[in-house]
Amino acid sequence: MGLLDFFRTTSPSANLAKERLRIIVQQERGSRGAPDYLPTLRRELLEVIRKYVNVDSEAVQVNYEREEGQEVLELSVALPVKAR
Amino acid sequence: MTEIIVVTSGKGGVGKTTTSASLACGLARTGKRVAVIDFDIGLRNLDLIMGCERRVVYDFVNVINGDCTLKQALIKDKRIDTLFVLAASQTRDKDALTAEGVRKVLDELIADGFDFILCDSPAGIEKGAHLAMYYADRAVVVVNPEVSSVRDSDRILGLLASKTERAEKGGTKVREHLLLTRYSPTRVAAGEMLSIADVKDILGLDVIGVIPESPQVLSASNAGTPVIMMDESDAAAAYGDAVARLLGDESLPMRFIDEPKKGFFARVFGG
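Every value quoted in this text rests on a predicted model; they were computed, and no experiment measured them.

1. A look at the environment of Lys76 of chain B
All names here are of chain B. Tracing the sequence through the fold places Lys76 in strand β3 (residues 75-76). Judged by relative accessible area, which is 40%, Lys76 ranks as partly exposed. Those residues in contact with Lys76, other than ones at most four positions away along the chain, are Arg55, Asp81, Leu83 and Phe84.

2. A word on the sheet that holds strand β6 (residues 138-143) of chain B
Residues and elements named next belong to chain B. With mixed pairing, 8 strands are arranged side by side in an open sheet as β3-β4-β2-β5-β1-β6-β7-β8. Looking along the sheet, the strands with just one partner apiece sit at the ends: β3 and β8 (207-212). Here 4 bridges tie strand β7 (residues 175-183) to β8, and the two strands are oriented parallel to one another. What sits directly across from Leu178, in β8, is Val207. Against the sheet, helix α7 (residues 147-160) touches β1 (3-8), β6 and β7, its axis set at about 165° to β6. In the packing of helix α12 (residues 234-246) onto the sheet, contacts are made with β1, β6, β7 and β8, and the angle to β8 comes to roughly 170°.

3. Some words on helix α6 (residues 127-134) of chain B
Residue and element names in this part refer to chain B. Across the 8 residues of α6, 6 count as buried, placing the element largely inside the fold. Looking only at α6, the buried set comprises Gly128, Ala129, Leu131, Ala132, Met133 and Tyr134. Buried positions along α6 lie against β1, α5 (99-111), β5 (116-120), α7 and α8 (165-169).

4. Focus: the confidence of the model for chain B
Interpreting fine coordinate detail is not advised for predicted regions of low pLDDT. For chain B, the mean per-residue pLDDT works out to 94, and 97% of the residues sit at or above 70. Interface confidence for the predicted complex, given as ipTM, is 0.81, next to a pTM of 0.87.

5. What to know about the packing of aromatic side chains
Residues and elements named next belong to chain B. In total, this model carries 3 aromatic pairs over all chains according to the counting rule given. With a centroid separation of 5.0 Å and 75° between ring planes, the pair formed by Phe39 and Phe60 is classed as edge-to-face. On the criterion of sequence distance, the pair formed by Phe39 in the loop between β2 (34-38) and α2 (46-50) and Phe60 in helix α3 (residues 60-65) is long-range, its members being 21 residues apart. Comparing Phe39 with Phe60 shows no difference in burial state: the two are buried. The ring of Phe114 has Arg33 lying over it, and the distance from NZ or CZ to the ring centre is 4.2 Å. A cation sits over an aromatic face here: Arg103 above Tyr135, 4.6 Å from the ring centre.

6. Observations concerning the packing of α7 of chain B against helix α10 (residues 196-203) of chain B
Residue and element names in this part refer to chain B. The contact between α7 and α10 brings their axes to 10 Å, and the two run at 35°. Like other packed secondary-structure pairs, α7 and α10 cross with a definite hand, here right-handed. Seen from α7, the contacting residues are Val150, Ser153, Asp154 and Leu157; seen from α10, they are Val199, Ile202 and Leu203. When the residues that make up the contact of α7 with α10 are grouped by side-chain class, the tally is 5 nonpolar, 1 polar and 1 charged.

7. Side note on the side chain of Ser9 of chain B
All names here are of chain B. Of note, Ser9 is situated in the loop between β1 and α1 (16-29). Of note is the side chain of Ser9, whose polar atom sits 2.6 Å from the backbone oxygen of Lys11. There is a polar contact of 2.9 Å between the side chain of Ser9 and the side chain of Lys16. Discounting chain neighbours no more than four positions away, the residues touching Ser9 are Val14, Lys16, Val141, Val142, Asp152, Ser153 and Ile156.

8. Looking at the pattern of salt bridges
Residues and elements named next belong to chain B. By the definition in use, this model includes 19 salt bridges over all chains. Of the charged contacts, one joins Asp95 and Lys127 as a salt bridge, the two residues approaching to 3.6 Å between their closest N and O atoms. Here Asp95, found in the loop between β4 (83-86) and α5, pairs with Lys127, found in helix α6; they are 32 residues apart in sequence, far enough to count as distant. Classification of Lys127 by relative accessible area gives partly exposed; the value is 36%.

9. A short note on the nonpolar core
Residue and element names in this part refer to chain B. Ranked by internal contacts, the top residues of the largest apolar core, which has 53 residues, are Phe39, Phe60, Leu86, Leu109 and Leu160. The greatest single-element share of this core, amounting to 5 residues, is contributed by α7. Dropping the residues within four chain positions of it, Leu109 is found in contact with Ala35, Ile37, Leu70, Leu74, Phe114 and Ile117. Counting residues in each nonpolar core, the second largest holds 38 residues, with Cys25, Met50, Val140 and Val227 among its members.

10. Thoughts on the pairing of β4 of chain B
Residue and element names in this part refer to chain B. Side chains Leu83 and Val85 of β4 all project onto a buried face; the interleaved residues Phe84 and Leu86 project onto the opposite face, where all are buried too. Pairing geometry for β2 and β4, over 4 bridges, is parallel. Residue pairing in the sheet places Ile37 in a bridge with Leu86 of β4. In this structure, β3 lies alongside β4, joined through 2 bridges in antiparallel fashion. Bridge pairing links Ile75 to Val85 in β4.

Cut-offs applied
- Residues numbered from 1 in each chain as written.
- Chains lettered and ligands numbered in written order.
- Predicted model: local features only at pLDDT ≥ 70, side-chain atom pairs only at ≥ 80, totals over all residues.
- Heavy atoms only, no water.
- Helix = DSSP H or I, 4+ residues; strand = E, 2+ residues; numbered from the N terminus.
- Buried < 20%, exposed > 50% of the residue type's maximum accessible area, 1.4 Å probe, protein only.
- Contact = heavy atoms within 4.5 Å.
- Pairing = 2+ DSSP bridges.
- Axes fitted to C-alpha atoms, helices over the stretch in contact; angles between N-to-C directions.
- pLDDT = per-residue confidence, 0-100.
- Phe/Tyr/Trp six-rings, centres within 6.5 Å; stacked < 30°, edge-to-face > 60°.
- Lys NZ or Arg CZ within 6 Å of the ring centre and 35° of its normal.
- Left-handed = near helix turned anticlockwise from the far one by under 90°.
- Nonpolar A, V, L, I, M, F, W, Y, C, P; charged D, E, K, R; others polar.
- Polar contact = N/O pair within 3.5 Å; in protein donor to acceptor, adjacent residues only side chain to side chain.
- Salt bridge = Lys/Arg side-chain N within 4 Å of Asp/Glu carboxyl O.
- Core = buried A, V, L, I, M, F, W, Y, C linked by side-chain atoms within 4.5 Å.

Okay, structure coming up:
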């Protein structure tokens, strides 16, 4: 690293790319071969939940897993942190 | 034995056609008989990269439709005797390619004794891309060290594992390889670009070649010469190595993956 680099303030972004990819790729692999209705299901769930709580669009996660002939649909809803 | 290799990526512009042309040339240079087929129906481009665009008389779809024989449509390369190009059709008819039609052409090439058939896939995951990979024995997934390309490559790997003849018939899997293009060791060292290890790690696949970012790639395409034929180019040497690995030389070390050594001045002042 040269002297001029010392004054550069931008932080390396490759790690950020790697982390984001790791998460999205894992998630997409999980939903491979999953029923086509999952995205719609997720959207509709989000609508219903939003009638009661104002949640982010990424608050509802739908995961589908198949293990030993058993199919598992896992739903997780992250509620917003209450404002003081 | 003929080996069918698809060159694919999902994302466009990552270097599929550049790679198809160079791998085809590299394989043919060793004396193997090679046919390289452009599956990008509607957007013919392999002919330009191979430098035979003015010699296209008949195309892939013409052969499938029986408008001509396969022999009439195969364009013999002017540099390498054992290399042949089958151009894509420029029809806008999306249904011009059929699985049966593709099978028929592949079978004829196999019967003719070709050692390798390279299928240059179009971008995307539509019909052309599907058919380019459907009958493959091996796949070279071209990926740039960049988020959208890596994600799309993973999609493609999913399709190779489920939507190919080998996957559907439950035979041995399609052998998959990653080929990184536009790699910049300097930017990797600066933490600005995903490294080979990062990409390997995310996609869980071995790398058969790393092609450094190089101005020669553009000069080569300008001239209609596959970049592997450019003397004294790092990209050419890197493609040459990838070909050797495709042919089974697994011990070959990766080159051009380290940051070039800087002189004293550059080290002090950066650059």
